[in-house]
Amino acid sequence: MQAWIEESLKNGELFFYIVPAVLLILLFIVIFWPDKKKEKKEEEETELDKLIKADKKLKAEIEPVVENTDEPPFKEAGKEIQLFEEKPEPVETFHETSLQSEQPEPVHTSPETSQKPIEPEIPAATIKSGLEKTKKGGFMSRLIGLFKNSVVDDDLIEELEEILYTADMGVATVSWLMDLVNKNRSKFTSGDDVKQFLKEQIRDVLVANHKPFPKITEKPTVFLMVGVNGAGKTTTIGKLAHKFIAQGKVPMLAAGDTFRAAAVEQLKVWGERNNCTVISDKDGADPASVAFNAVNSALSKDVDVLLVDTAGRLQNRVNLMEELVKINRVIGKAKPGAPHETIIVIDANNGQNALTQAKQFSEAVKVTGIIITKLDGSAKGGVIIGISKELGLPVYLVGVGEKIEDLRPFDPNEFVEALFE
Ligand SMILES: Nc1nc2c(ncn2[C@@H]2O[C@H](COP(=O)(O)OP(=O)(O)OP(=O)(O)O)[C@@H](O)[C@H]2O)c(=O)[nH]1
Ligand SMILES: [Mg+2]
């Protein structure tokens, strides 16, 4: 070997052939030696590509479901959470392990989905919002159209009468209004004059019969709530208790509806919501005795207002109306002068039947005022005009929704302005 090296050195082969050949081989080795790190990185990238594709596929499956919903946006957020909870494993591992740095779109940490859905601020219902249906779908939309006429002719007067008969005011109130219109016809030069005239007549009759909701003068002031089935008596009691508490008063509730199995429970729920005492007995107990015990209990405690619930009853059921007379009498025995107010609760949807209800309940017990419920769900807001005109009873409050705060004082001016706006 040594001899060969010496020989090569001498004849110059070592530098011309052998050394360059060795260097060349080394160069090849350096170039083509497998790069483990690079290979590993490439493998990771391929894995990442797979995961990104999987992510896109998953989103494509989810998004159409969310877009198609008619729910408001806060519910969509809720739905997103629901959907991801329904497919927990693949989604969670996927986002936690591989996509966090590449695609910062984590499902569980995004502001829309990681927090609980935020309830949008729903503005409190008002008489105006409660009249929406009466205005859009009821008689008022037709009346407003009629008032746009520039000429007051026989056709207009005829149509006016026809529309008023559909307004749930009752025949007597329509006749009274039409008499006034006919007497003053020469004064009207346009449909708008008729509108202003009608508006003022209605305002006058509502204002004349108006009384604000009574003040608490005695301890306990007793309110007896009456009305047909499903009118909203129990719900209104819950809303009233809430109002009294807001005024710093102490209310007590009496479960005088012992007829319907779930009625006592329903009142107890309102009692819990308002954190106030509910006096009750077992189902089927005598409602008059419940009312009697409740008044005595309210007298012995520092209670400002006792709200007595009663079972819904049809005004033409004689025995049920007699039961109401008994409840009324027994309350008076427990506290002379009570009940201070007997309020008939009327569902606005009953339309003209509300007049019959109010009349017949008034014949059995001395009704002192009216609460109209469900104005928000009814196109028959005109019933308030008929009740006021025919019965001369004050409409104290109006229910404009199912929530605890959806009970508004009835303001005749606010009502008329909202109706004719
Ligand atoms: N939209 C709307 N719903 C109301 C209003 N007042 C009551 N309700 C609903 O009307 C339904 C009947 O209400 P209740 O309070 O149970 O009626 P009730 O007169 O006590 O019924 P009975 O005890 O069966 O005679 C419930 O679903 C209430 O949520 C209101 O002002 N607006
Ligand atoms: Mg009830």
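Here, the structure is the one placed above.
Throughout what follows, the structure given in this document is the object of discussion. (Residues numbered from 1 in each chain as written. Chains lettered and ligands numbered in written order. Predicted model: local features only at pLDDT ≥ 70, side-chain atom pairs only at ≥ 80, totals over all residues.)

**Description of the overall build of the protein chain**
Now for step 1: Helix and strand counts for the protein chain come out as 19 helices and eight strands.
Now for step 2: Expressed as a percentage of its 421 residues, the buried residues of the protein chain come to 33%.
Now for step 3: Of all intrachain contacts in the protein chain linking residues separated by at least 6 positions in sequence, the fraction that spans at least 24 positions is 75%. (Helix = DSSP H or I, 4+ residues; strand = E, 2+ residues; numbered from the N terminus. Buried ≥ 20, exposed ≤ 12 C-beta atoms within 10 Å, placed from the backbone. Contact = placed C-beta atoms within 7 Å.)

**Describing the environment of Asp193**
Now for step 1: Along the chain, Asp193 turns up in helix 12 (residues 191-208).
Now for step 2: According to the C-beta neighbour criterion, Asp193 is partly exposed, with 15 such atoms within 10 Å.
Now for step 3: Spatially, the C-alpha atoms of Asp193 and Ser150 are 9.6 Å apart, while their sequence positions differ by 43 residues.
Now for step 4: Beyond its immediate chain neighbours, meaning those up to four positions away, Asp193 contacts Lys187 and Phe188.

**With respect to the site of ligand 1**
Now for step 1: Near ligand 1 there are 21 residues, and of these Gly232, Thr234, Thr235, Gly312 and Gly399 occur at the shortest range.
Now for step 2: Take the shell around ligand 1: its biggest share by element is three residues, from helix 13 (residues 233-246).
Now for step 3: Across the shell around ligand 1, the residue classes tally to three nonpolar, 11 polar and seven charged. (Near = placed C-beta within 6 Å. Nonpolar A, V, L, I, M, F, W, Y, C, P; charged D, E, K, R; others polar.)

**Remarks on the sheet that holds strand 6 (residues 369-373)**
Now for step 1: What the eight strands build is an open sheet, ordered 3-2-4-1-5-6-7-8; its pairing is mixed. Edge strands, defined here as strands with exactly one partner in the open sheet, are strand 3 (278-279) and strand 8 (407-409).
Now for step 2: The pairing of strand 2 (residues 251-256) with strand 4 (residues 305-310) spans six bridges and is parallel. Looking at the pairing, Gly256 lines up with Thr310 of strand 4.
Now for step 3: The strands touched by helix 13 are strand 1 (221-226), strand 2, strand 4, strand 5 (341-347), strand 6, strand 7 (395-399) and strand 8; relative to strand 4, the strand with the most contacts, the crossing angle is about 170°.
Now for step 4: Docked against the sheet, helix 15 (residues 287-300) engages strand 1, strand 2, strand 3 and strand 4, running at close to 165° with respect to strand 2. (Pairing = 2+ DSSP bridges. Axes fitted to C-alpha atoms, helices over the stretch in contact; angles between N-to-C directions.)

**Looking at helix 9 (residues 139-146)**
Now for step 1: Of all the residues in helix 9, the buried ones are Phe139, Met140 and Leu143. Projected down its long axis, helix 9 shows its buried positions confined to an angular sector of 90°, all on one face. (Arc of directions from axis to C-beta.)

**Describing the pairing of strand 7**
Now for step 1: Of all five residues in strand 7, five are buried, a share of seventy percent or more.
Now for step 2: As judged from the three bridges shared by strand 6 and strand 7, these two strands associate in the parallel manner. For Ile372, the partnering residue across the bridge sits in strand 7 and is Val398.
Now for step 3: Taken together, strand 6, helix 18 (residues 383-391) and strand 7 form a β-α-β motif whose crossover is right-handed.
Now for step 4: The pairing of strand 7 with strand 8 spans three bridges and is antiparallel. Paired with Leu397 across the bridge in strand 8 is Pro409. (Right-handed = clockwise from strand over helix to strand, strands pointing away.)

**Notes on the pairing of strand 2**
Now for step 1: With six of six residues buried, strand 2 is to be regarded as a mostly interior element.
Now for step 2: Covered by surrounding structure in strand 2 are Pro251, Leu253 and Ala255 together with Met252, Ala254 and Gly256, the residues of both alternating faces.
Now for step 3: Taken together, strand 2, helix 14 (residues 263-274) and strand 3 constitute a β-α-β crossover, and its handedness is right-handed.

**Topic: unusual backbone geometry**
Now for step 1: A cis amide bond links Lys219 with the next residue in sequence, Pro220, at an omega value of -5°.
Now for step 2: The residue Pro220 is located in the loop between helix 12 and strand 1 in this model.
Now for step 3: For the peptide bond that leads from Ala338 to Pro339, omega is -5°, which places it in the cis range.
Now for step 4: With respect to the element layout, Pro339 can be found in the loop between helix 16 (318-334) and strand 5.
Now for step 5: Of note, the phi angle at Lys374 is positive, near 60°, even though the residue is not glycine.
Now for step 6: With respect to the element layout, Lys374 can be found in the loop between strand 6 and helix 18.

**Brief notes about the environment of Val290**
Now for step 1: As for its placement among the helices and strands, Val290 is situated in helix 15.
Now for step 2: Under the C-beta neighbour-count criterion, Val290 is labelled buried, with 25 such atoms within 10 Å.
Now for step 3: Sequence-wise, Val290 and Val330 are 40 residues apart; in three dimensions their C-alpha atoms are separated by 9.9 Å.
Now for step 4: Aside from chain neighbours lying at most four places away, what touches Val290 is Ala254, Ala255, Gly256, Thr258, Ile279, Ser280, Asp281 and Ala285.

**Thoughts on the packing of helix 13 against helix 14**
Now for step 1: Here helix 13 crosses helix 14 at 20°, and the two axes come no closer than 10 Å. By the angle between their axes, helix 13 is roughly parallel relative to helix 14. Considering the relative orientation of helix 13 and helix 14, their crossing is right-handed. Here helix 13 contributes Thr234, Ile237, Gly238, Ala241, His242 and Ile245 to the contact with helix 14, which in turn contributes Ala263, Gln266, Leu267, Trp270, Arg273 and Asn274. (Parallel < 35°, antiparallel > 145°, perpendicular 65-115°, else oblique. Left-handed = near helix turned anticlockwise from the far one by under 90°.)

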